[in-house]
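Residues per chain, in single letters:
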Amino acid sequence: MLWTTVSLSFEIFTKKLRSDKEMCGIFGCILKNGSAAPIIHAALKRLEYRGYDSVGEATIENGRLFIKKDAGKIDVVHSIRNLDDLPGRIGIGHTRWATHGAPLQVNAHPHFGCSDPPTIAVIHNGIIENFAEIKKDLEDKGHIFRSKTDTEIIAHLIEENLGQGDLKSAVSSSVERLQGSYAIAVISAKEPDKIICARNESPLVLGIADNAFYFASDTPAFLPLTNKVVFVENGELVTLNDEGFEIKKLVDGKPVVRKSRVVDWTHEMAEKQGYPHFMLKEIHEQPRCLRDTLRLQDKYLELLTTFLDRARDVAMVACGTSYHACLAASYMFSKLSFLATHPVIASEFTEQHGKSVNIDSTILAVSQSGETADTLAAVETARQRAATILGLTNVVGSTLTRVSRVYIGQQSGPEIGVAATKTFTSQLSVLSQLAIRLAKKRGKISQEEIDLLDEKIEKIPSIVERIVKTQEEKVKTLARKYKDNQCFFFLGRGISYATALEGRLKLMEIAYVPSIAFPAGESKHGPISLVELGFPVIFICPPDETRKTLIGNIMEMKARGASIIAICEEGDEEIIGMVDDYVEVTRGIPEILSPIPYVVPLQLFAYYMAIEKQCDPDMPRNLAKSVTVK
Ligand code: F6R
């Protein structure tokens, strides 16, 4: 096979990569000679930023499959199991970010079918939406499952289909049944000279060297090995062997000819996929993360909703950004499902509620990391008094998941920028889904309202995509204009108060601009005395029931010479006509979902203010990603 090579500018290349999904890293290789395992191990280390709660490798030698996998970070697993000593020149590897199933050895990839010893091994990045239904079919046919993952069904499905043909056709007919996102790679001891890969939505890139062929989730995995890459597109099946690789369309088996490209990135550039900072990358990733929150397993959402339904009162404990998600959620639960919830800053919980919490109390702890000491301390206080603990976190396997009676993993993938962005909007999405479910269960709102909310929540990912696409340049200009202002107000009413608090926290923590957020109605009770000519006030103005009163608050500020920046609905001429600057958000978003799109311009504003002020947004001074001290 002839592979032509074209050189590629950094900019074009990054556009390509920016559509990629994150969460789990996959890698594999076919070497002409040498040992695959150490190369896989080193490549997985380079992909560790995609996930790191378990790791595994499988290689083939002399028609036998060798597998090592375990829970824990790569270095820890390697120190115990030596990931380098698997034999063979062909192999695959996986570093995991748990979505389905806790980070245990049994849930680590690769997965295999029923045969003992295993003959096929599968790795997967993505989420299979219809795995429960496929699992049931396979169980009816006698397959026995070991893990709680969605991936294991792929191995059993391939095993089932292998009865009718070779590995390539078995993979092809198996992926036909899969709904959701996947980049998979499969090896078989019975066809030991090849690796079969397939892609839908999750990224897959091939690497070409003189003496080896590779595949991976993305380019950082290859960089020390080769700079020649080929992108695999959705709906394509790849066969790698000693001769090179062949790409075919899954739908009709037609061959695809694609030129390789040369990349000249550093490892760090590749990890950020062309973005200058992780924070900006993570802001741009929000549509993907929000889509993934819409794929959460029904049974966990349902179980958590049942606990909430039975709760007499619910305290939502969290810190920082996660607290803002809880505050927004308290409006959602109250308005939609008539459930009274109390957002509590976790470090105050023991003082405020330590004596009153009891066996009848329900605690919903929200923590991206699942390791925040203040949140865990609040949970411990409640646990000691026999309260029911529910959890929402991004890190399955974190302490919070271990101490919760039921938890939901929000599936945002690792967040590396210290400031929470994608994990905040994902938390809001999960919490709004819970509120909508609870409303349905309790029959508190009409079917039409529920249908509308269900329809709108599906659209939120593309709405966020559009906001970033159409408003980013405008926000950049605003940051340039306001970069020298020493203090900002962030004002909103109702649920937008939570959005205001979050916008203010972002600006303070990464651009070091002291700022104040409060419900807009509070201004006249004190803070307005700070306002003088040119004082910047950011108003969050979705067109909900608070809008009329909010306009009154805008007028009050204007009358005192404030510079008003509005985050408002597209084409809201009344607001646009009265403010100095504005950023527009797509029309028709229901009130309870509004914090998700309305916070996005504020995240971008904080980011570009930090850039204007030459601050590093990924590593703000004095802060850590996970605060594990009280
Ligand atoms: C702000 C931020 C922090 C965290 C807080 C709680 O951008 O990231 O305020 O939200 O430290 O962390 P988690 O959610 O991990 O408990």
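Scroll up for the structure.
Below is a summary of the structure that appears in this document. From a predicted model like this one, the values you see are computed outputs, not experimental measurements. (Residues numbered from 1 in each chain as written. Predicted model: local features only at pLDDT ≥ 70, side-chain atom pairs only at ≥ 80, totals over all residues. Heavy atoms only, no water.)

### Considerations on the side chain of Asp218
Part 1: Its location among the elements puts Asp218 in the loop between β10 (212-216) and β11 (228-231).
Part 2: Polar side-chain contacts of Asp218 include one of 2.8 Å to the side chain of Tyr49.
Part 3: There is a polar contact of 3.1 Å between the side chain of Asp218 and the side chain of Gln273.
Part 4: In contact with Asp218, not counting residues within four places along its chain, are Leu47, Tyr49, Arg50, Val205 and Gln273. (Helix = DSSP H or I, 4+ residues; strand = E, 2+ residues; numbered from the N terminus. Polar contact = N/O pair within 3.5 Å; in protein donor to acceptor, adjacent residues only side chain to side chain. Contact = heavy atoms within 4.5 Å.)

### Points about the site of the ligand
Part 1: Neighbouring the ligand are 14 residues; Ser322, Ser367, Ser369, Thr372 and Glu509 lie closest to it.
Part 2: Within the side chain of Ser367, an N or O atom sits 2.6 Å from an oxygen atom of the ligand.
Part 3: At 3.4 Å, a backbone N or O of Val418 approaches an oxygen atom of the ligand.
Part 4: Surface burial for the ligand is 90%, taken as the share of its 400 Å² of free accessible area covered by protein chains.
Part 5: Those elements that provide at least two residues to the shell around the ligand are α11 (320-337) and α17 (496-511).
Part 6: Residue composition of the shell around the ligand, by class: five nonpolar, seven polar and two charged. (Near = heavy atom within 4 Å. Areas by Shrake-Rupley, 256 points an atom, 1.4 Å probe, with all protein chains shown as cover. Nonpolar A, V, L, I, M, F, W, Y, C, P; charged D, E, K, R; others polar.)

### Comments concerning the sheet that holds strand β23 (residues 536-541)
Part 1: As summarised here, the arrangement of the five strands in space is β22-β21-β23-β24-β25, forming an open sheet in which the pairing is parallel. Whereas interior strands pair on both sides, the edge strands pair on one side only; in this sheet they are β22 (515-519) and β25 (581-585). Here the strands of the sheet are splayed against their neighbours by 15° on average, with no regard to which way each runs.
Part 2: Of the strand pairs in this sheet, strand β21 (residues 488-492) and β22 are connected by five bridges, and their pairing is parallel. Residue pairing for β22: Gly492 is matched across the bridge by Pro519.
Part 3: Against the sheet, helix α16 (residues 447-482) contacts β21, β23, β24 (563-569) and β25, and its axis sits at roughly 165° relative to β25.
Part 4: Contacts from helix α18 (residues 547-559) reach β21, β23 and β24, with the element oriented near 170° to β23. (Pairing = 2+ DSSP bridges. Axes fitted to C-alpha atoms, helices over the stretch in contact; angles between N-to-C directions.)

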